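# Structural features, examined
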Amino acid sequence: MPATLRQYKAAAVQAEPGWFNLEKSVQRTIELIKEAGEKGCKLIAFPELWIPGYPYFQWRVNYQDSLPLLKEYHQNSLRPDSEEMQRIRQSAKDAQIFVSLGYSEIDGHTLYTTQIIIDPTGTVINHRRKIKPTHVEKLVFGEGTGDSLNTVVDTEIGRLGHLNCWENMNPFLKALACAQHEEIHVAAWPVYPPASSLNQSM
């Protein structure tokens, strides 16, 4: 699809996610999509693992102590065929906006650091997983497969692509995006909580 819109508004989300709470996260996502649409944005980009928030506990406690938190995180992650995902897709359709969404995805019993692009019809036109979780993230998330190298899709606002966190620093993945003729890049990084939260148990 050739690009037809060359000037448009885009929204980059810098907001508090619904930490470890799937329903709160979904409601917050829908609110922000609606707000961006009402303000005339054609694209809204969410951070890495926006739903249900980045699991900072993995960097701060040993694996044994992380197990109760990991269970809670698993229970509040998002399934791609769920009612919650349908609501998010419908909100993109209602707002007539492209959405790049980062979330913790459940497939079987495994979690993945996933990104999707939803188009203004509510259709998921790109689905990818972080190729290689970073350091201790391997204790929480599985690895992406070869189809996750397809990071760029053709849209009416241009060739739109996205990567997660340190993937944005990977020369191979950046070169691959260039080879796919990417024009708009969403460099998703996690939302960092306040220092007071980090000093507690997150």
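How each quantity is defined
- Residues numbered from 1 in each chain as written.
- Predicted model: local features only at pLDDT ≥ 70, side-chain atom pairs only at ≥ 80, totals over all residues.
- Heavy atoms only, no water.
- Buried < 20%, exposed > 50% of the residue type's maximum accessible area, 1.4 Å probe, protein only.
- Helix = DSSP H or I, 4+ residues; strand = E, 2+ residues; numbered from the N terminus.
- Pairing = 2+ DSSP bridges.
- Right-handed = clockwise from strand over helix to strand, strands pointing away.
- Axes fitted to C-alpha atoms, helices over the stretch in contact; angles between N-to-C directions.
- Contact = heavy atoms within 4.5 Å.

## So, the pairing of strand S7 (residues 158-164)
The buried fraction of S7 is high, at six of seven residues. Here strand S6 (residues 152-155) runs beside S7; their pairing, made up of four bridges, is antiparallel. By the bridge assignment for S7, Asp154 is matched with Arg159. A loop of two residues connects S6 with S7, the two strands running antiparallel in sequence. Relative to strand S8 (residues 184-188), S7 runs parallel, the two sharing five bridges. Bridge assignment links Gly161 to a residue of S8, and that residue is His185. Handedness of the crossover joining S7 and S8 through helix H4 (residues 171-179): right-handed.

## Overview of the sheet that holds strand S2 (residues 41-45)
In spatial order, the strands read S1-S2-S3-S4-S5; together these five strands make up an open sheet with mixed pairing. The open sheet is flanked by strand S1 (9-12) and strand S5 (124-129), the only strands paired with a single partner. Direction aside, the axes of adjacent strands within the sheet are offset by 25° on average. In this sheet, strand S3 (residues 98-107) lies alongside S2 in parallel orientation, the contact comprising three bridges. Bridge pairing in S3 links Leu43 to Phe98. In the packing of helix H3 (residues 83-95) onto the sheet, the strands contacted are S3, strand S4 (110-118) and S5, and the crossing angle to S4 comes to about 20°.

## Observations concerning unusual backbone geometry
The omega torsion across Ile51 and Pro52 is -5°, close enough to zero to call that bond cis. Position of Pro52 among the secondary structure elements: in the loop between S2 and helix H2 (63-75). Positive phi, normally seen in glycine, also occurs at His135, with a value near 50°. Along the chain, His135 falls in the loop between S5 and S6.

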